[in-house]
Amino acid sequence: SKDINKNVKFYWFRLFYVYGNGQRIGSLIPTIINSISNNKKLKLYNINKKHDYIFIDDVVSIIKYFSKRKIPSGIYNVGTGKLISNKVIYQYIKKKINFKYDNMQIIYNNQKNKTIWSSNKKINKYFKINTKSNIYRNLDQILETYINK
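Residues numbered from 1 in each chain as written. Predicted model: local features only at pLDDT ≥ 70, side-chain atom pairs only at ≥ 80, totals over all residues. Heavy atoms only, no water.

1. A short note on the pairing of strand β3 (residues 42-45)
Stated formally: Each residue is placed in one exposure class: buried if its accessible area under a 1.4 Å probe, protein chains only, is under 20% of its type's maximum, exposed if it is over 50%, and partly exposed if it falls in between. In this text, helices come from DSSP runs of H or I with a minimum length of four residues, and strands from runs of E with a minimum of two, each type numbered from the N-terminal end. When DSSP finds at least two bridges between two strands, those strands are taken to pair.
Side chains L42 and L44 of β3 all project onto a buried face; the interleaved residues K43 and Y45 project onto a face where none is buried. Bridge analysis of β3 against strand β8 (residues 104-107) gives four bridges, and the strand direction is parallel. Pairing of L42 across the sheet is with M104, part of β8.

What follows is the structure in structure tokens.
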């Protein structure tokens, strides 16, 4: 009934480009790691394309935080609000695994590089997203997991 609905909170989290351990093997970061580690050809589409990457641990922290507090129901963007190019990620992983790797094929298409990033204005009222979350430190953690498999 109506009284029950007043006590239930609904959160719709719009997650941007979530990355981290356990990520789908066909995603950008695992694909780059596997190709460079195994010296296989890497096909990168739109290497200059930029995304708002957010680490899975940060997403989990946000969900836990919301579940334990009285925060209004609603739609919340979950991202860092910063853009990072696929090229930057590729170059960092290459430097860490095999800086001599040269088996990459860049494929360009005629699509415009549409960039979308999170506006954190609403979520920051309740939870300050760590926009200083260091993608390089997080990539190091991912690389350590892959290397120790």
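2. Structural notes on the nonpolar core
Nonpolar side chains in soluble globular proteins generally cluster together in the buried interior. Rule in force here: Within this scheme, the nonpolar core is defined by two criteria: the residues are buried Ala, Val, Leu, Ile, Met, Phe, Trp, Tyr or Cys, and they are joined through side-chain atoms within 4.5 Å.
Core analysis: the biggest nonpolar cluster contains 21 residues, and I29, I32, I89, Y90, I93, L139 and I142 have the highest contact counts within it. Elements represented by at least two residues in this core include exactly α2 (28-37), β3, β5 (53-55), α4 (86-97) and α5 (135-147). The element contributing the most residues to this core is α5, with five residues.

3. Overview of the pattern of salt bridges
The line we're drawing: Salt bridge, as used here: a side-chain nitrogen of Lys or Arg that lies within 4 Å of a carboxyl oxygen of Asp or Glu.
Here the structure, examined in full by the defined rule, presents one salt bridge. Residue K96 pairs with D140 through a salt bridge whose shortest N-O separation is 3.7 Å. Here the residue K96 occupies a position in helix α4, and D140 occupies one in helix α5, the gap between them amounting to 44 residues. Assessed through its relative accessible area of 44%, K96 is described here as partly exposed. Its relative accessible area of 29% is what places D140 among the partly exposed residues.

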